[in-house]
Amino acid sequence: MKKPLLLLSALAALGSATMPADDKPLYMDPAQPVEKRVDDLLARMTLEEKLSQIHANSKFTTPAIPRLGIPLRWLSDGPHGVREDIGPDTWKPQNRTDDFATAMPAGIALASTWNPEVAYQVGEAIGQEARARGKDIMLGPGVNILRTPLCGRNFEYMGEDPYLAGRMAVAYIKGEQAQNVASCIKHFAANNEEFQRMSINVEMDERPLREIYLPAFEAAVKEGGVWTVMGAYNKFRGQFASHNDYLLNKILKGEWNFQGLVMSDWAATHDTKEAALNGLDLEMGTDKPYNEFYLADAYRDGLKDGTYPMSGLDDKVRRNLRVMFATGVFDQRPPGSLNTPAHQAVARRAAEEGTVLLKNDKAILPLDPDKVKSIAIIGENGIRLHAHGGDSSGIKAFYEISPVEGILRKAGSKINVTYSAGYGKEIGPDAIDRAVAAAKNADVAVIMGGLNHDPGFDCEGHDRKDMKLPYQQDELIRRVVEANPKTIVVLFGTIVEMEEWIAKVPAVLQTWFPGMEGGNALANILFGDVNPSGKIPCTFPKVLADSPAHKLGAYPGKDGTVTYDEGLLVGYRWFDTKKVDPQFPFGHGLSYTSFKYSDLKLVEGKDGTGPVVTAEFVVENTGKRDGAEVAQLYIHQAKPALERPFQELKGFKKVFLKAGEKQTVSIPLDLTAFSYYDPAKGGWIAEEGAFTVRVGGSSRDIALTAPFKLAKTTLVKR
Ligand code: GLC
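Residues numbered from 1 in each chain as written. Predicted model: local features only at pLDDT ≥ 70, side-chain atom pairs only at ≥ 80, totals over all residues. Heavy atoms only, no water.

Novice: Got a minute to help me understand helix α13 (residues 341-354) in this structure?
Specialist: One full turn of an α-helix is made of 3.6 residues, so residues set three or four places apart face in the same direction. Between its first and last C-alpha atoms α13 spans 19 Å; for 14 residues at 1.5 Å apiece the expected length is 20 Å, and the two agree. For α13, the full list of buried residues reads His343, Gln344, Val346, Ala347, Ala350, Ala351, Glu352, Glu353 and Gly354. Packing partners of the buried residues in α13 comprise α4 (107-113), α5 (116-132), β10 (356-360), β15 (507-512), α17 (518-526) and β20 (648-657). (Helix = DSSP H or I, 4+ residues; strand = E, 2+ residues; numbered from the N terminus. Expected span 1.5 Å × (residues − 1). Buried < 20%, exposed > 50% of the residue type's maximum accessible area, 1.4 Å probe, protein only. Contact = heavy atoms within 4.5 Å.)

Structure representation (structure tokens):
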């Protein structure tokens, strides 16, 4: 018996896409292959219905089609959790009471864990919360390479190295998409500054594009199986990235055989012809009435008069439907879960493993709760909450533990904890004096400093103007450590200059933006309940001028164009090749214990199958505390035909070792690890000749090296 259309429409409009079993068409049968379901549904759709699925009908949705049981489709930010509900037709939050969520640490903190297992868990938890909130596509992770320390969105991304960013993104995507939610790798591509982000044209040579700016996206597509890609705002070689023929048609869909959908960034679509023909499948956020979107009325007119082929529309719709079927939109999906202790535990673990111990002279850390009787906490970031900031990646956290709260919980009544602002936007002229007095009267002073999500610091839509600590923090730190040599500096946010005080401060922790559990994670580390194991995923220059893009005057660009003159030499690739000493090198991070590397062996692969060579070496925990070490492997090529950086990260493994324990670590290397992109050959080559495998605890702390020869030059299939 057919259900009256009205009831069916009501059901479908509510997003319950079930059709009556007796009328079950092929596309509703989950036992059918996805492609058959796509074909069947596509064949049933009218032109209007097809058009309705390739552009938004609100800030974050595409419309239901009750006749076909296609539900309302929800997209949601972002990389750090499920954003509060916005709109529907404005950027104003809806101020609901049911959209609090778990706020994970920022992307750069996740990258600092160097632990794909943690990335998987973060993705999985966010995917479960997305299901619980009824979201179908989650707009993360972001992997744009840290080319300048000033980019306002560096906090959201995964640092300066494409290999590390790719490993972490692949794990995150697998965790999230296992929850029947599509991830969205963004922003494709070359969106490495917020300066004029909506219009700036990015120019770069083919090798940096292939070897630096694309690999994390390539890994997300080829290994992560990511279902959606977000085009960037900027232009690339003169064409907007969200409808860029070279990036989308030639590379993403052509060379990489991407089968999912490409969406625009919000208001990143500018032209119907390009949107129709250059690989855009879903237009979002255009600042126009929905029917005036570039892929709406104008596109329909072009289809009807033959300007654009119907096959192009069908391919766009096919990709949207494929993502829907692949993520179970028409089928039973897990209900998900929201704000659970399990998710909060993941947030805490990510914050703990993402916090980096940059310096720890005379083992001033960890604090001994039995010996320390008083702590002076100083600095606005001691009480300031960050999870909700940063713009689109901000999360309305179910709760957020500040450092002061985390330390008070841990200290209990045993330790006298004082707080003084020390610095901040609205503080008195005597703030530093008061902080110095507090430090003088305490056993230990902990300065909670760094940046925040105010525009002009770590915030989308704006770049920073310099790499300095704001609000006279340099003076504050100098005077506090003078008053109390037992001063620890904890830095929130991204890279800052430290030269004015680093020599005098015995201990520095980099905690980035640690999410809702940040205060607990920090307290656990300060008191030694957790041994820090993070490593910085980016170089900390001594001064901004040492950073390649700034040294070469290649930032922020002028007259609407920025040219990446540093080419391949981004981050440590520059510092190591040009022999410039950083404040802290890529991959640096200390522990409360110590590690020893030994016995590096290179085991060659057999008869061309599997890895070309496997690096095997021993890591030993030579200290008295259990801990984790991120063993890193870099490749150096002695005489490449084309310029290469001094060394490139091609493997890493985080090993957890009890005090005194040792473990053999194996890192397999295939030809890709030795290869570089040769534009003349239009592909990757692994060149015959001498290489050196370099292993250690950071890019500048290489403990072991071994020579390796490739017997012949090979064109490498990726
Ligand atoms: C923003 C961001 C993008 C975000 C989107 C939706 O401008 O660039 O990362 O997902 O719009 O909020």
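Novice: Whenever I open this one, the nonpolar core confuses me. Can you help?
Specialist: Phe188 and Leu321 are the most contacted members of the largest nonpolar core, which totals 94 residues. The element best represented in this core is helix α6 (residues 162-177), accounting for seven residues. Filtering out sequence-adjacent residues up to four positions away, phenylalanine 188 remains in contact with Leu214, Phe217, Val229, Met230, Gly231, Ala232, Ala241, Leu247, Leu248, Leu252 and Trp256. (Core = buried A, V, L, I, M, F, W, Y, C linked by side-chain atoms within 4.5 Å.)

Novice: Mind showing me how you'd approach the site of the ligand here?
Specialist: By nearness alone, 15 residues border the ligand, and Asp77, Arg153, His187, Tyr233 and Asp265 come closest of all. One of the side-chain N or O atoms of arginine 83 is found 3.3 Å from an oxygen atom in the ligand. Within the contact set of the ligand, an oxygen atom lies 2.9 Å away from a side-chain nitrogen or oxygen of lysine 186. Expressed as a share of its isolated accessible area of 310 Å², the protein-covered part of the ligand is 97%. (Near = heavy atom within 4 Å. Polar contact = N/O pair within 3.5 Å; in protein donor to acceptor, adjacent residues only side chain to side chain. Areas by Shrake-Rupley, 256 points an atom, 1.4 Å probe, with all protein chains shown as cover.)

Novice: Mind showing me how you'd approach the sheet that holds strand β6 (residues 228-231) here?
Specialist: Pairing between the strands of a sheet comes from backbone hydrogen bonds, and it takes one of two forms, parallel or antiparallel. The strand order across the open sheet built from three strands is β4-β6-β9, with neighbouring strands paired in parallel fashion. Each edge of the open sheet carries a strand with a single partner, namely β4 (184-188) and β9 (261-263). Each neighbouring strand pair of the sheet contributes to a mean axis angle of 25°, computed without reference to strand direction. Examined bridge by bridge, β4 and β6 share four bridges and lie parallel to one another. Paired with phenylalanine 188 across the strands is glycine 231, a residue of β6. (Pairing = 2+ DSSP bridges. Axes fitted to C-alpha atoms, helices over the stretch in contact; angles between N-to-C directions.)

Novice: Just to check I follow, could you spell out the environment of asparagine 416 for this structure?
Specialist: Within the fold, asparagine 416 resides in strand β12 (residues 416-420). Through-space distance from the C-alpha of asparagine 416 to that of alanine 376 is 8.4 Å; in sequence the pair is 40 residues apart. When residues no more than four places from it in sequence are discounted, the contact partners of asparagine 416 are Lys373, Ser374 and Ile375.

Novice: What's the story with unusual backbone geometry in this structure? I'm lost.
Specialist: Among all residues save glycine, negative phi is the norm, and among peptide bonds the norm is trans. For the bond running from glycine 87 to proline 88, omega is 25°, close enough to zero to count as cis. Looking at the secondary structure, you find proline 88 in the loop between β2 (73-76) and α4. Between tyrosine 555 and proline 556 the backbone carries a cis peptide bond, its omega angle lying at -5°. Take proline 556: it is sitting in the loop between α18 (548-551) and β16 (561-563). Despite not being glycine, tryptophan 114 has its phi angle at roughly 50°, a positive value.

Novice: Please explain the pairing of strand β24 (residues 689-698) as it appears in this structure.
Specialist: Regular strands show a simple pattern: their side chains alternate between the two faces of the sheet. Most of β24 is tucked away, with eight of its 10 residues classed as buried. Across six bridges, strand β19 (residues 627-637) lies against β24 in antiparallel orientation. The residue of β24 that forms the bridge with leucine 633 is valine 695. Direction of pairing for β24 relative to strand β25 (residues 701-710): antiparallel, over a ladder of nine bridges. What sits directly across from threonine 692, in β25, is proline 707.

Novice: Explain the pattern of salt bridges here, please?
Specialist: Two side chains bearing opposite charge may form a pair once their charged atoms approach each other closely. Per the counting criterion, the structure on display carries 58 salt bridges. Lysine 50 is paired through a salt bridge with aspartate 314; the nearest N and O atoms lie 2.8 Å apart. With lysine 50 in helix α3 (residues 47-52) and aspartate 314 in helix α12 (residues 310-326), this pair connects stretches of sequence that are 264 residues apart. Overall, the relative accessible area of 13% leaves lysine 50 in the buried class. (Salt bridge = Lys/Arg side-chain N within 4 Å of Asp/Glu carboxyl O.)

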